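Listed below are the residues making up each chain.
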Amino acid sequence: MLSRTAENLFWIARYIERAETMSRLLEVGARIALIPSSGHGYRSEWESLLQASGTAEGFAEKYGDPIQRNIESYLFFDRDNPSSVISCIERARENGRIVRTALTAQVWDALNMAFQEIRQLERKPRSEIELTELTEWTMRQSALVRGAIEATLLRNDGYDFLNLGFALERADNTARLIDVKYYVLLPAVDFVGTGLDNYQWQVLLRALSAHRAFHWAYGGEITAAKIADFLILNRQSPRALIAAITAASDSLEALAEAYGKSGPEQMRARALVAELAELRAEEIFEEGLHEFLTRFIRDVGELSDMVYNAYLSGEAR
Amino acid sequence: MTDYFNEMYETGKVRAPYARLENWTKCMPAELRQMKQAEAEALFRRIGITFAVYGEGGDPDRLIPFDMFPRVFAQAEWRKLEKGIKQRARALNAFLLDVYGRAEIVKAGKVPAALVYQNEAYERAVAGFTPPRGIYSHIVGIDIVRTGPDEFFVLEDNCRTPSGVSYMLENREIMMRMFPQLFRENRIEPVDGYADALRRTLASVAPAKCDREPTLAILTPGHFNSAYYEHSFLADLMGVELVEGQDLFVEGGFVWMRTTEGPKKLDVIYRRLDDAFLDPLCFRPDSMLGVPGLMDVYRSGGVTICSAPGAGVADDKAIYTYVPEMVRFYLGEEPILQNVQTWQCAKPDDLKYVLEHLAEIVVKEVHGSGGYGMLVGPKSTKEQIETFRAKIEANPDNYIAQPTLALSTTPTFVEEGIAPRHVDLRPYCLVGEKIELVPGGLTRVALKDGSLVVNSSQGGGVKDTWVLAE
Amino acid sequence: MILSVNHVTTYRYDAPMRFAVQSLRLFPSRFDGQRAVRWDVSVEGGLRGGSFRDGAGDKVEGWSLRGPVEEVRVLVSGEIETTDTAGVLRGHREVVNPLAYLRETDATWIDDALRDLAETASAGTTDNLDRAHRLSHAVSEAIAYVPGVTHARTTAAEALEQGEGVCQDHTHALIACARAVGMPARYVSGYLHATTDGTPHEAAHAWAEIWVGNIGWIGFDAANVCCADSNYIRLGSGLDAHEAAPIRGIAQGEGREEMEVSVALGQVQQ
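This is a predicted model, so every value here is computed, not measured.

Here we take up the overall build of chain B. Each helix and strand in chain B was counted, giving 15 helices and 23 strands. By the compact-globule yardstick of 23 Å for 470 residues, chain B fits well, its C-alpha radius of gyration being 22 Å. With the C-alpha coordinates aligned to their principal axes, the bounding extent of chain B is approximately 65 × 55 × 45 Å. The burial tally for chain B puts 47% of its 470 residues in the buried class. Across chain B, every contact between residues at least 6 apart in sequence was considered, and the portion connecting residues at least 24 apart equals 70%.

Once that is clear, we can look at the overall build of chain C. Each helix and strand counted, chain C has five helices and 13 strands in total. Here the C-alpha atoms of chain C give a radius of gyration of 19 Å, agreeing with the 18 Å that 2.2 N^0.38 yields for 270 residues. The principal-axis extents of the C-alpha atoms in chain C amount to approximately 60 × 45 × 35 Å. Per-residue burial over chain C gives 50% buried out of 270 residues. The long-range fraction of contacts in chain C, counting pairs at least 24 apart against all pairs at least 6 apart in sequence, stands at 73%.

A word on the arrangement of the chains. The interface with the highest contact count, out of two pairs of chains in contact, is the one between chains B and C. Kept free of each other, chain A and chain C leave a smallest C-alpha distance of 9 Å between them.

Let's shift gears to the sheet that holds strand β9 (residues 254-259) of chain B. All names here are of chain B. The strand order across the open sheet built from three strands is β8-β9-β10, with neighbouring strands paired in antiparallel fashion. Each edge of the open sheet carries a strand with a single partner, namely β8 (248-251) and β10 (262-266). Ignoring which end each strand starts from, the neighbouring axes of this sheet average 40° apart. Pairing between β9 and β10: five bridges, direction antiparallel. Each bridged residue has a counterpart across the sheet, and for arginine 258 the counterpart in β10 is proline 263.

Residue and element names in this part refer to chain C. Within the element layout of this structure, histidine 172 appears in helix α4 (residues 167-180). Residues histidine 172 and glutamate 44, 128 residues apart in the sequence, show an inter-C-alpha distance of 32 Å. In contact with histidine 172, not counting residues within four places along its chain, are Ala107, Thr108, Thr155, Ala156, Ala159, Asp240 and Ala241.

All right, on to the interface of chain B and chain C then. Every contact between the two is made by 25 residues of chain B and, on the other side, 23 residues of chain C. Only α5 (113-117), β8 and α11 (294-299) of chain B provide two or more residues apiece to the side of chain B that touches chain C. Class assignment for the residues of the side of chain B that touches chain C results in 13 nonpolar, eight polar and four charged.

Quick look at helix α6 (residues 105-123) of chain A now. Three or four residues apart is the spacing at which side chains of an α-helix point the same way, because the helix has 3.6 residues per turn. Residue and element names in this part refer to chain A. Over its 19 residues, α6 runs 27 Å from end to end, which matches the ideal 27 Å to within 8%, given 1.5 Å per residue. Within α6, burial applies to Val107, Trp108, Ala110, Leu111, Ala114 and Ile118. Down the axis of α6, the buried side of the element spans an arc of 165°, and every buried residue falls inside it. Exposed positions of α6 whose direction lies more than 90 degrees from the buried face are Arg119, Gln120 and Arg123. Where the residues of α6 are buried, they touch α5 (85-98) and α7 (131-152).

Taken together, the contacts link 18 residues of chain B with 17 residues of chain A. Among the residues making up the side of chain B that touches chain A, the classes are represented as four nonpolar, seven polar and seven charged.

Regular strands place side chains that alternate from one sheet face to the opposite one. All names here are of chain B. Across five bridges, strand β15 (residues 361-365) lies against strand β17 (residues 399-403) in antiparallel orientation. Within β17, the residue paired with glutamate 365 across the bridge is tyrosine 399. For β15 and strand β16 (residues 375-376), the ladder comprises two bridges, and the chain directions are antiparallel. Pairing of valine 363 across the sheet is with leucine 375, part of β16.

As a further point, take the environment of C:Leu129. Residues and elements named next belong to chain C. Mapped onto the secondary structure, leucine 129 falls in helix α2 (residues 128-142). The exposure class of leucine 129 is partly exposed, given the 14 C-beta atoms found within 10 Å. Each C-alpha atom, one on leucine 129 and one on asparagine 214, is 9.1 Å from the other, the two residues being 85 residues apart in sequence. Dropping the residues within four chain positions of it, leucine 129 is found in contact with Val212 and Ile215.

On to the UniProt feature "domain: Transglutaminase-like" (unreviewed entry) in chain C, then. Look at the UniProt record and you will see "domain: Transglutaminase-like" (unreviewed entry) annotated at residues 159-224 of chain C. Along residues 159-224 of chain C one finds 27% helix and 47% strand; the C-alpha atoms at either end are 16 Å apart.

The next point concerns the sheet that holds strand β11 (residues 268-271) of chain B. All names here are of chain B. The four strands lie next to each other as β7-β6-β11-β12, forming an open sheet whose pairing is parallel. Taken across any chain shown, the strands that pair with only one partner, and hence form the sheet edges, are β7 (241-243) and β12 (304-306). Within this sheet the neighbouring strands show an average axis-to-axis angle of 30°, counted without direction.

The next point concerns the domain arrangement of chain C. Residue and element names in this part refer to chain C. Here chain C is partitioned into domain 1 (2-81 + 247-267) and domain 2 (84-244). Each of domain 1 and domain 2 has a C-alpha centre, and these two points are 24 Å apart. If you look at the interface, domain 1 gives 22 residues, while domain 2 gives 19 residues. The set of elements that each furnish at least two residues to the side of domain 1 that touches domain 2 consists of β1 (2-24) and β13 (257-267). Looking at the side of domain 1 that touches domain 2 element by element, the count peaks at five residues for β13. Residue composition of the side of domain 1 that touches domain 2, by class: 12 nonpolar, six polar and four charged.

With that out of the way, let us pick up the domain arrangement of chain B. Residue and element names in this part refer to chain B. For chain B, the domain assignment lists domain 1 (9-207 + 303-336 + 406-467) and domain 2 (341-403). Between the C-alpha centres of domain 1 and domain 2 there is a distance of 25 Å. The interface is formed by 11 residues belonging to domain 1 together with 10 residues belonging to domain 2. Residue composition of the side of domain 1 that touches domain 2, grouped by class: four nonpolar, four polar and three charged.

Residues and elements named next belong to chain A. Helix α4 (residues 68-76) packs onto helix α1 (residues 3-33) with a crossing angle of 170° between their chain directions and a minimal axis gap of 10 Å. Relative to α4, α1 is oriented roughly antiparallel. Residue-level contacts link Met22, Leu25, Leu26, Gly29 and Ala33 of α1 to Gln68, Ile71, Glu72, Leu75 and Phe76 of α4. Per-class residue counts for the contact of α1 with α4 are seven nonpolar, two polar and one charged.

With that out of the way, let us pick up the nonpolar core. Among the nonpolar cores identified, the biggest contains 295 residues, and C:Leu174 and C:Cys177 are the most heavily contacted of them. Per element, the largest residue contribution to this core is 15 residues, and it comes from α1(A). In this structure, C:Leu174 is in contact with C:Leu135, C:Ser136, C:Val139, C:Ala185, C:Ala208, C:Phe220 and C:Ala222, ignoring residues within four places of it in sequence.

All names here are of chain A. As for its position among the elements, serine 87 is in helix α5. Taking the number of C-beta atoms within 10 Å as the measure of exposure, serine 87 has 20 and is therefore buried. Between the alpha carbons of serine 87 and phenylalanine 10 there is a distance of 16 Å; along the sequence they are 77 residues apart. Ignoring sequence-local partners within four residues, the contact set of serine 87 consists of Arg79, Asn81 and Pro82.

Take the confidence of the model for chain C next. Of all residues in chain C, 100% attain a pLDDT of 70 or more, and the chain-wide mean is 94. For this predicted complex, the interface confidence reaches an ipTM of 0.93, while the overall pTM sits at 0.90.

The omega torsion of the bond from B:Cys306 to B:Ser307 falls at -10°, within 30 degrees of zero and hence cis. Structurally, the position occupied by B:Ser307 is in the loop between β12 and α12 (317-320). Omega for the bond connecting C:Gly67 with C:Pro68 falls within 30 degrees of zero, at -5°, which places this linkage in the cis form. Note on placement: C:Pro68 falls in strand β4 (residues 59-82). Despite not being glycine, B:Ala103 has its phi angle at roughly 60°, a positive value. Position of B:Ala103 among the secondary structure elements: in the loop between α3 (75-99) and α4 (104-107). Judged by the 18 C-beta atoms lying within 10 Å of it, B:Ala103 falls in the partly exposed class.

Thresholds, definitions, all that
Residues numbered from 1 in each chain as written. Chains lettered and ligands numbered in written order. Predicted model: local features only at pLDDT ≥ 70, side-chain atom pairs only at ≥ 80, totals over all residues. Helix = DSSP H or I, 4+ residues; strand = E, 2+ residues; numbered from the N terminus. Rg over C-alpha atoms; globule rule 2.2 N^0.38 Å. Buried ≥ 20, exposed ≤ 12 C-beta atoms within 10 Å, placed from the backbone. Contact = placed C-beta atoms within 7 Å. Pairing = 2+ DSSP bridges. Axes fitted to C-alpha atoms, helices over the stretch in contact; angles between N-to-C directions. Nonpolar A, V, L, I, M, F, W, Y, C, P; charged D, E, K, R; others polar. Expected span 1.5 Å × (residues − 1). Arc of directions from axis to C-beta. UniProt positions renumbered as here; feature names shortened; annotations may be inferred. Domains from an automatic or database assignment. Parallel < 35°, antiparallel > 145°, perpendicular 65-115°, else oblique. Core = buried A, V, L, I, M, F, W, Y, C linked by C-beta atoms within 7 Å. pLDDT = per-residue confidence, 0-100.

In structure tokens:
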């Protein structure tokens with residue numbers, strides 16, 4: 001297929017996944033902010049949330065101090081913020097419109113409906129919308145798009161590029177979400193293992209729609225090691241880093257098979273899967289959670305570049 | 001109002017082609033009609049068939065109003081139209097081949113040399129080059145108006161990239177979905193063979209160097225273009241890639257697509273891009289939309305461009321006057337379809353007449369399109385007429401004028417019920433190995449009461465166009 | 001006269017470019033005044049594309065270079081036998097109607113001053129050939145040969161107002177003047193070995209061709225106040241300098257372009 005078409009498909013998936021992450025981040029922030037004793041330290045949870053989403057600078061420029069109401073607007077409705085939910089939905093739909101013919105009517109409908117609905121949501125007075133309404137709406141739209149892709153799209157290279165987009169974006173985003181925890185805790189290391197610490201971990205699990213699954217899988221007390229294992233190393237957890245990277249690797253393998261040629265991108269993805277497969281939670285904490293995540297995010301970025309060069313740039317020979 | 005030919009009612013009686021529609025409307029109460037109208041609109045919006053009006057801003061996702069009342073032709077009426085359209089398409093192509101080659105028609109004194117060679121649309125860059133099968137205009141859109149039971153006139157020819165065919169196809173699709181009963185009661189010729197016919201046409205003009213099943217693509221200016229929907233719609237129907245300039249490059253005398261598997265050779269390009277933007281090395285150097293080097297490949301026979309660059313010289317409004325002459329000169333036949341009488345303001349006598357009769361006639365820019373820059377005398381205020389007079393006097397060469405035609409009307413759903421509204425017709429004639437015409441076209445309707453301007457940018461709508469089988 | 005030509009054009013980029021495409025019009029025209037003995041055109045590291053002779057009789061050849069491109073070198077080397085045809089382009093095959101050369105372009109836009117110059121110069125004559133000569137004289141008098149005061153995008157009107165310029169400006173002005181009095185005219189690019197008085201020139205050059213009804217196209221060099229003779233090598237033509245450019249190219253990327261040209265012309269001893 002045209003490289004540009006593949007690029008558009010890849011980005012549809014990335015934007016949908018990113019929109020979902022943004023609304024999950026909002027949920028994490030709102031929940032953490034509900035705990036009475038969390039106002040300590042020199043940096044608020046909201047700030048850390050902006051840091052993790054990579055939007056802190058843009059926000060500070062526009063609004064200054066992080067106030068929940070402004071953050072909600074900035075992360076959800078603000079077109080000046082390229083990562084806001086509305087920016088992501090609009091771009092996903094625009095990418096879809098460009099490659100309309102590579103999509104089924106159902107996939108296009110899902111993208112187009114999300115676009116039409118968020119424009120209506122935007123016109124509603126902000127005071128009439130609950131935050132949970134927004135986050136649930138986003139999650140639902142994302143599920144509709146994914147469902148339409150799974151149920152109706154031809155299993156060809158286009159399907160692989162969509163899944164590759166979902167997987168790489170998810171790998172990056174989950175890592176950033178876990179990193180929020182790092183920012184929140186940084187000023188008070190002595191909180192580790194306290195009730196507040198555990199509460200924050202729970203919020204994170206909840207935001208990833210994974211707290212029940214976690215309890216089924218691990219039971220007993222919530223510990224940092226268990227959670228790290230669950231969100232990073234457990235293949236059963238659909239948002240775990242290893243699951244996302246495995247999905248990316250599978251899509252790359254499918255492409256290699258379809259095109260009859262394999263390159264450095266396949267090797268790199270396989271190597272990342274292998275590394276995570278052998279890793280244990282303790283080793284992550286030895287390295288430092290933040291350090292590990294930073295390295296992981298960089299690895300995913302490099303893999304994305306390789307994908308771009310191999311398939312999306314149009315320079316393939 | 002009695003001056004206008006009503007295609008459904010003639011002296012109070014229903015004309016045969018519309019016979020079964022009378023009952024249909026009688027059985028449709030206002031509420032049902034409104035419901036159906038809303039349903040149609042929702043369908044159009046869902047498939048994303050929208051258009052943007054240049055220079056107007058506003059909602060980029062605007063819909064062209066769709067009128068559910070079909071416009072109907074009897075088989076015999078259509079057969080005559082079909083013959084006339086095909087004849088005209090052949091003559092226009094013969095003219096193009098001639099003026100870029102030996103120019104016999106100019107030498108014979110039938111068409112003034114200056115009109116051809118000093119024309120903006122004459123491309124020196126393709127002179128002396130013969131495209132495959134000698135065809136320049138592969139999709140000819142001919143705008144036709146009707147003034148009586150057996151009176152049809154050609155308003156203008158479109159030899160470059162006539163748009164609107166997606167409406168012809170979608171209008172039918174939506175009508176069939178909403179009123180299947182109508183299609184059971186009336187035997188209506190299908191139009192859905194258009195995409196296959198277009199594909200066949202394009203494949204039949206692949207370059208001689210192409211030794212396998214040719215690869216086709218549609219070249220679009222991009223997704224910001226107002227006709228992007230149509231480009232993507234046609235690409236999908238034909239199963240070919242929709243490419244932008246950035247997706248293509250030239251190497252080794254061929255054009256290649258950038259794909260995820262490496263370069264793929266392209267043989268035929270159906271371009272929906274003006275000549276000026278095709279190749280910055282040959283035409284506008286600032287064009288970001290084209291493919292550098294494309295024209296070199298084209299002229300050395302490595303790729304076919306449809307319609308051929310330079311085809312516009314045949315559909316210029318000043319050349320239009322000579323089309324009947326082309327039919328006689330090249331085909332040795334009498335033209336089946338008549339031209340509208342045209343005064344060329346470049347000619348002193350004509351100019352005089354035009355300036356004296358501004359209130360009665362229609363004045364158009366020679367190179368204008370889309371209903372912009374025109375004056376409809378009888379519908380204009382004194383002020384508008386005087387402003388236009390000044391424009392004509394300043395640059396007479398830029399204008400032609402035609403009598404105000406008594407455009408036929410067809411019944412149309414309006415606020416108050418059903419009322420006659422003026423219509424025109426654009427059929428799409430395909431010219432390749434064969435000349436093909438699907439039975440139908442795009443009927444445009446002036447929705448404003450009394451208006452004669454059918455352009456979508458000026459408040460026009462569209463209708464499904466039926467040709468009844470025998 | 002047999003002339004040898006060595007012409008190298010080098011484009012350098014300060015950052016590698018994604019790709020480069022060129023359309024070359026570097027081949028001697030075929031007419032009674034010249035006959036190529038040997039002629040080679042190539043682009044270093046490039047891939048030869050399609051080639052053809054266009055409606056104006058010029059041979060055009062496409063070339064492309066895969067990225068990364070840091071330098072493009074276009075090499076021309078050949079020997080050509082020229083004869084004096086008193087400027088007349090005799091025996092040249094072309095299909096474009098001369099009327100197509102009445103069209104104005106940005107560079108040859110006719111302003112009042114150019115129109116005045118043309119009308120004054122051609123007043124009192126009805127003979128087209130005489131008129132063409134007079135126009136050429138008028139232009140060479142109105143614009144002094146001064147290098148460095150004009151640039152590639154200077155228009156005919158600007159050059160006339162300035163009263164100074166180089167061969168491109170003379171040619172644009174002469175074309176505009178001819179068109180102003182209804183004579184088709186075009187821009188010709190090529191080489192000049194030496195001016196008629198024997199002064200070596202040895203460079204790329206440009207002159208105008210004016211359509212003189214009963215004779216045909218005739219080359220007028222307003223910069224040197226003469227008609228094109230056996231010192232001239234004709235390559236290609238167009239409505240103006242941009243259209244007649246021997247090399248048209250595009251390189252895609254962020255790099256800035258620098259160009260260097262070297263032309264060596266010599267008379268081959270027989």
